[in-house]
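Coordinate analysis (summary)
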Amino acid sequence: MLAQGGPWALSVISLVLLLWQEVSAIDVPLDSKIQQDLKQPPTIMKQSLKDYIVDPRDNIIIECEAKGNPVPTFSWRRNGKFFNVGKDPRVTMRKRSGTLEISFRSGGRPEDYEGEYQCFASNDFGTALTNKILLRVSKSPLWPKEVLEPVVVGEGSPLVLACNPPPGLPPPLTFWMDSAMMPITQDKRVSMGLNGDLYFSNVLAKDSHTDYSCNARFLFTHTIQQKNPFTLKVQTSRKVAETTPNFLSPTGTDSSRMVMRGEKLKLECIASGVPTPSIKWFKKGGDLNQKVKLDNFNKTLRIDSVSEEDAGEYMCMANNQIGSIRHSIYVQVKAAPYWLDQPSNLVLAPDENGRLVCRANGNPKPHIQWLVNGEPIESNSSLPNPSRTVAGDTIMFRSVQIGSSAVYQCNASNDHGYLLANAFISILDMAPRMLGPKNQLIKVIENNRTFLDCPYFGSPLPELRWFKNGQGSGLDGGHYRVYINGTLEIKRARAEDQGTYTCVASNILGKEENQVRLEVKEPTRIVRAPEHQSAIRGTMARFDCRVKSDLTLPITVTWLKDDKPLSLGSRLKKDEDSLSIPNVHEGDEGTYTCTVKTEIDQDTASARLTVLDRPDSPMDLELSDPEERNVRLTWIPGDDHNSPVTLFVVQFEEDRWESGKWQNLSSYPGDFNSVILELSPFVNYQFRVIAVNSVGQSRPSYPSQRYQTSGAPPDTIPRGLKGWGTKKNNMEISWEPLLDTERNGPNLHYSVWWRRKDTGEEWSNVTTVGAKHIVHDTETYVPYEIKLQAVNDFGLGGESNIIIGYSGEDKPTAPPTDLRVSKIDSTKVNVHWTPVDPSTVLGEFKEYRVYYWREGSMVKGLRVNKEKKTKGFYSTVAQPTGILTDLQPYSHYRIYMVVANNRYEGPPSNHVEFRTKEGVPEAPKFFKIIQRSTDVIHLEWDKPLEPNGILIGYKLNYQTVNGSRVGLMQMQSFLPNVTTYTLRLPERAIRYKFYLAALTQVGAGEVYAEESPHFTNEAYSKDQVDIATQGWFIGLMCAIALIILILLIVCFIKRSRGGKYPVREKKDLPLDAVDQKGEDGSFDYHSDEDNKPLQGSQNSLDGGVKESDDSLVDYGEGGDGQFNEDGSFIGQYTVKKDKDETEGNESSEATSPVNAIYSLA
């Protein structure tokens, strides 16, 4: 067509392309009803390979599967001519398929069916084609018979053993083996080439063998053909001459290779030479890229999938220590056609536009040919189509009409192959159809974006509109958006968006609608999420998971542990808001995830549980580097169970002094595991280690082996040396004995020395194994010099420093004299005295001790506590003085003084009396605030327990309070005999704070502060007691209530009687059965007929006839009456009378409530 129109046609086509208004092709849904009604041209679904090699031992199957509506019919061409399947009895075609099956059960040769096959699938709307399938039968010919002469070659010479496998289809794989079916060892010197030949770069004497055999493996027949073996004889020489490299393959200085795009490229360079050359590869103009792989000891360069950029000049270089040689290989990359844009099926509505595009590339550039229903468009005059325009690789359709359906084929070909693609154009008209479910209910979470689907189909493509609640214009815009597939998007669903939505699809052939009901729900959220926590083994762990969700949506709460469902069992407890894990152990450690699901949303939260435990025991204790006084201890720490070890405690046990007792030796930081232990002499040690972390300490490790230290003289001086008299004529010298680990050897004892201080006498000495020695017959309280030394069988220890000790004390013999006082105040007084001679103290001077007590108060009638108190004064000056404090003001005191040493007091001094001055009083004894009405506050108080002088009155300050705001301070003064005050409130809601203090001539005393009550009738005071809780008040109120009740009952009875009558006249009348307990357990004594007379004189309490002195004997002594259901009334109110009284009265006269009432009446 282009050739006929020339340049003018090209111009028209270019203009058409510029102005082309293409309508998108119809995407036909996979809905079963639509597919059932849809008429479509054939589409090839399955076909055999273009180059199809078959096994001659099997039946031949050539595949051709297609779909279409109506179902396609199939036909074949063989070698370009119609292939009549029905005439060949060996060939059958499968039902509803074009697949051919050629069977050779009844004879025939597969080779007779070799050739080029092509399948045609046709129906009323067009014809689709398969590729041209080249069918060939696999061949695996035998090796030609030949006699191979032995190969004789000199040592160091190159050699090539030719394989020349028989040609097969496909070509066989070759490999070399010996007679034992073991592969020939290949290395840098010996290797197989790409053509199957075995190359020796240089021959060695060890290469002499008689069984070099080339093998060919044919893949289709799974057979291996073996060539007759070569015999190689190597002629040895004393010295092999070194030679420069020379290429065995390829030969010459350069060669060329052509390879197809996408295929595998293999380049080979094998060189001879002595020593064996090494091979290196280069590419001109750049480095070898990552696609390049080097095989066969660098002799082969391999690229698995070649592309255009792999073309170029490749160089291999062979070199040894004699020289080097190069070979260039020029690689050309050609390409069979490959798709850039493969045409696809096109479904159009009447009067729509469309186009088919077929773009391919290759080297050389492929030629594009269009066919329609298997025939070239140029030669197809049977299907004139004015709406179709062909422009190179594109076919354009304009205003298509019913009947224009067809299958178009695009053939892209060049010298190296071809591509064939089928694409149909189908003209479809169909009224709108709704594809989704009817009246669907959609639930969505508030504020979420939601989509209401309305899948539809029709041809021409229908117009779709949405309506809400059947009203208004179409929904589009604002927070609504309608997609081309019919889906309505609500960008942010709100409560007011809830309702029924209707989608209506219409085209020229009709319309159809569907409804979707939308419900907007509150989101499901975890408002209290689980938090990471650490729990000590054996304790309780709890993870919160509190949820807030829409009440109309059922929720499901599940727990996962480490992303796997958690099995709750009997130990783990799950309630509405949490998961509890009691008695946690190591198996509980992990990440716990709470997942809350509804049918439309979910929320998750995770937290990790870390289980802490005491560390495991240290292991593998080892002793090393032994020294005289130390040894190195090393251990392996145990598992810390998620709580780092902070401390290692090393303990020891020795078997000489306290066998079996473990004692702490030393401790070390938690990052230590090897320490040097400082040891004591003459101890047979064994050690163990305890690890400590924040949870606790581990079990002790297993003990180490024992380690014995040698003996030595004591190197520790005994501590705590002192001398002190226990009696006035002795001195006890004592010290702390050495520890067992400080003995340093056997037979430990102590040497003690003492002498009078400053007398120049000789040292006295004694040796003892104990920890004290008593020196007898000493003078009273004289100083001694004392020293001490520890000794064992290995020698003497060091001497202690000399300390000063004293013999025993006696009672002081002289009292302080001239005791007197001065500067007397209300609470303190100065004390003076003449000191004693130090020699009379007869011991270590401790203090001058004053005894003082309160003889009385100068306030009349005030009783005082005369308890004796003491105060010490340490003074060694010639005129000592002291201050006696904490005295009670306005009181009469007496004092005396003694001197004291550490054990005794001396005789008393002269007694002195004095009177303290008047002071300020203590706080009032109590302070009450009583609000008896809404407008008056009444204040009460009492005088202080200790007035500390003569009371002259009271001072009351008060101010209004309202939270943190206070009013002006007001003041009232009272005489000492006034202890009450009434304050009228200007407003009901006003509250006051009061400050009360007693006064003496000295001033105001301690303030008693109180605040007025919040509510009416509240009273505040420190000494106030709630009268309503007192027993006597409760009893009094109960008694008054009982008396009032009895008086009311008596009055009621008087009114109902109308007069008196003898009790005895009514004694035989039975107690009416109406007299029973009420519902609340009380007895009902009221009368239903208060005004009806009983035998002319009395109405019963409850309408029945009764005696006035009912006897309870019938009920208490076992009669049949049932006054009380549980019988408790019987024992409480039955009183036995003596016999005479019973006979005369026939009544027990028990003081029952009924009789008591009548008696009062």
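1. Focus: the overall build of the protein
Counting its secondary structure elements, the protein contains seven helices and 87 strands. Per-residue burial over the protein gives 42% buried out of 1161 residues. Pairs at least 24 apart in sequence give 64% of the contacts found in the protein among residues at least 6 apart. Per element, the accessible surface of the protein, about 63300 Å² overall, is 50% carbon and sulfur.

2. Description of the sheet that holds strand E72 (residues 817-822)
Sheet architecture is open: three strands sit in the order E72-E73-E76, paired in antiparallel fashion. Because the sheet does not close on itself, it has two edges, and the strands there are E72 and strand E76 (881-884). Taken over all neighbouring pairs, the strand axes of this sheet differ in orientation by 25 degrees on average, direction set aside.

3. Quick notes on the confidence of the model for the protein
Averaged over all residues, the pLDDT of the protein is 84; the fraction at 70 or higher stands at 86%. A low-confidence stretch, residues 1-23 (pLDDT under 50), is modelled with 21 contacts involving residues beyond four sequence positions or located in other chains. Overall, residues 1016-1025 carries pLDDT values under 50, and its contacts beyond four positions in sequence, including any with other chains, amount to 25 contacts.

4. Considerations on the state of the cysteines
On inspection of all chains with the given rule, the structure shows six disulfides. Two residues, Cys-269 and Cys-316, share a disulfide whose sulfurs are 1.8 Å apart. Every disulfide takes its handedness from the sign of the S-S torsion; for Cys-269 and Cys-316 that torsion is -65 degrees, giving left-handed. Of this pair, Cys-269 sits in the loop between strand E22 (265-268) and strand E23 (270-274) while Cys-316 sits in strand E27 (residues 312-319), placing them 47 residues apart in sequence. Look at Cys-269 and you get buried, because its relative accessible area is 0%. Paired through a disulfide, Cys-358 and Cys-410 show a sulfur-sulfur distance of 1.7 Å. Where Cys-358 bonds to Cys-410 through sulfur, the torsion about that S-S bond is close to -70 degrees, and the disulfide is left-handed. With Cys-358 in the loop between strand E30 (354-357) and strand E31 (359-363) and Cys-410 in strand E36 (residues 406-414), this pair connects stretches of sequence that are 52 residues apart. For the pair formed by Cys-358 and Cys-410, the shared burial category is buried. The cystine pairing of the protein, numbering bonded cysteines in sequence order, is 1-2, 3-4, 5-6, 7-8, 9-10, 11-12.

5. Focus: the sheet that holds strand E56 (residues 602-612)
The strands making up a sheet associate through hydrogen bonds between their backbones, and the pairing can be parallel or antiparallel. What the five strands build is an open sheet, ordered E48-E56-E55-E51-E52; its pairing is mixed. Looking at which strands have only one partner, the edges of the open sheet turn out to be strand E48 (533-536) and strand E52 (564-565).

6. Structural notes on a nonpolar patch on the surface
On the surface, a cluster of nonpolar side chains totalling about 600 Å² of accessible area is made up of Trp-1032, Leu-1036, Met-1037, Ile-1040, Ile-1044 and Leu-1048. By secondary structure assignment, the location of Leu-1048 is in helix H3 (residues 1031-1057).

7. Quick notes on the side chain of Ser-680
Assignment of secondary structure puts Ser-680 in the loop between strand E61 (674-678) and strand E62 (684-692). In this structure, Ser-680 is in contact with Tyr-685, Thr-709 and Thr-741, ignoring residues within four places of it in sequence.

8. Structural notes on the pattern of salt bridges
All told, the structure shown has 49 salt bridges when counted by the stated rule. A salt bridge links Lys-443 to Glu-599; the shortest N-O distance between them is 3.0 Å. Linking Lys-443 in strand E39 (residues 440-445) with Glu-599 in the loop between strand E55 (590-597) and E56, this pair joins segments that are 156 residues apart in sequence. A residue is classified by how much of its surface remains accessible, and Glu-599, at 53% relative accessible area, is exposed. If you follow the salt bridges from partner to partner, you end up with Arg-109, Glu-111 and Asp-112 in one network.

9. Some points on the packing of aromatic side chains
In this structure the tally under the stated criterion is 35 aromatic pairs. Both rings, one in Phe-83 and one in Tyr-117, keep their centres 5.9 Å apart while their planes meet at 80 degrees; by these two values the pair is edge-to-face. Of this pair, Phe-83 sits in strand E6 (residues 81-83) while Tyr-117 sits in strand E9 (residues 115-123); the two residues are 34 residues apart in sequence, bridging distant segments of the chain. When its relative accessible area of 0% is taken as the criterion, Tyr-117 is described as buried. A centroid spacing of 5.4 Å and a plane angle of 55 degrees characterise the contact between Trp-833 and Tyr-848, whose relative ring orientation is tilted. With Trp-833 in strand E73 (residues 829-834) and Tyr-848 in strand E74 (residues 847-857), the pair connects residues that are 15 residues apart, well separated along the chain. A single burial state applies to Trp-833 and to Tyr-848, both of which are buried. Pairwise contacts between aromatic rings join Phe-927, Trp-941, Tyr-954, Phe-974, Tyr-981 and Tyr-1008 into one cluster. Directly above the aromatic system of Tyr-418 lies the positively charged group of Lys-50, at a separation of 4.2 Å from the ring centroid.

10. Considerations on the pairing of strand E18 (residues 223-226)
In this sheet, E18 lies alongside strand E17 (residues 209-218) in antiparallel orientation, the contact comprising four bridges. Bridge pairing links Asn-215 to Gln-226 in E18. Here E17 folds back onto E18, and the loop between the two strands holds four residues, one of which, His-222, carries a positive phi near 55 degrees.

11. What about the nonpolar core?
Ile-62, Trp-76, Tyr-117 and Leu-135 are the most contacted members of the largest nonpolar core, which totals 32 residues. Those elements that place two or more of their residues in this core are strand E2 (51-54), strand E3 (60-62), strand E4 (64-69), strand E5 (73-78), strand E8 (100-102), E9 and strand E11 (133-137). By size, the runner-up hydrophobic cluster in this structure holds 20 residues, among which are Val-836, Tyr-852, Met-897 and Phe-914.

12. With respect to the environment of Ser-106
Inspection of the secondary structure assignment puts Ser-106 in the loop between E8 and E9. With 17 residues separating them along the chain, Ser-106 and Pro-89 place their C-alpha atoms 9.6 Å apart.

Parameters at a glance
Numbering of residues begins from 1 in every chain and follows the order in which that chain's sequence is written. Reporting in this predicted model follows two pLDDT cut-offs: at least 70 for local features of residues, and 80 or more for side-chain atom pairs to be given and counted; totals over whole chains, interfaces and linings ignore these cut-offs and use all residues. Excluded from the side-chain calculation are hydrogens and water; included are all heavy atoms of the structure. Only runs of H or I of at least four residues qualify as helices and only runs of E of at least two qualify as strands under DSSP, and these elements are numbered from the N terminus. Throughout this description, buried means an accessible area under 20% of the type-specific maximum (1.4 Å probe, protein chains only), exposed means over 50%, and partly exposed covers the range between. Any pair of residues with heavy atoms lying within 4.5 Å of one another is described as a contacting pair. Using a 1.4 Å probe, the Shrake-Rupley method yields the accessible areas, and only the shown protein chains count as cover for residues. Two strands qualify as a pair provided that DSSP identifies no fewer than 2 bridges between them. Axis angles are defined between N-to-C directions and span 0 to 180 degrees, where every axis is a line fitted to C-alpha atoms and, for a helix, only to the segment in contact. Confidence scores per residue from the predictor, reported as pLDDT, run from 0 to 100. Cysteine sulfur pairs qualify as disulfides if the two atoms are within 2.5 Å. Patch definition: residues above 30% relative accessible area lacking any salt bridge, with like charges linked at up to 9 Å and the nonpolar side chains Val, Leu, Ile, Met, Phe, Trp and Tyr linked at up to 5 Å. Salt bridge, as used here: a side-chain nitrogen of Lys or Arg that lies within 4 Å of a carboxyl oxygen of Asp or Glu. Each aromatic pair joins two rings of Phe, Tyr and Trp (for Trp, the six-membered one) with centres within 6.5 Å, and gets the label stacked for planes under 30 degrees apart, edge-to-face for over 60, and tilted for any other angle. Counting as a charge over the ring demands two things of the Lys NZ or Arg CZ atom: a distance within 6 Å of the ring centre and an angle within 35 degrees of the ring normal. In these notes, a set of buried Ala, Val, Leu, Ile, Met, Phe, Trp, Tyr and Cys residues joined through side-chain atoms within 4.5 Å is what counts as a nonpolar core.

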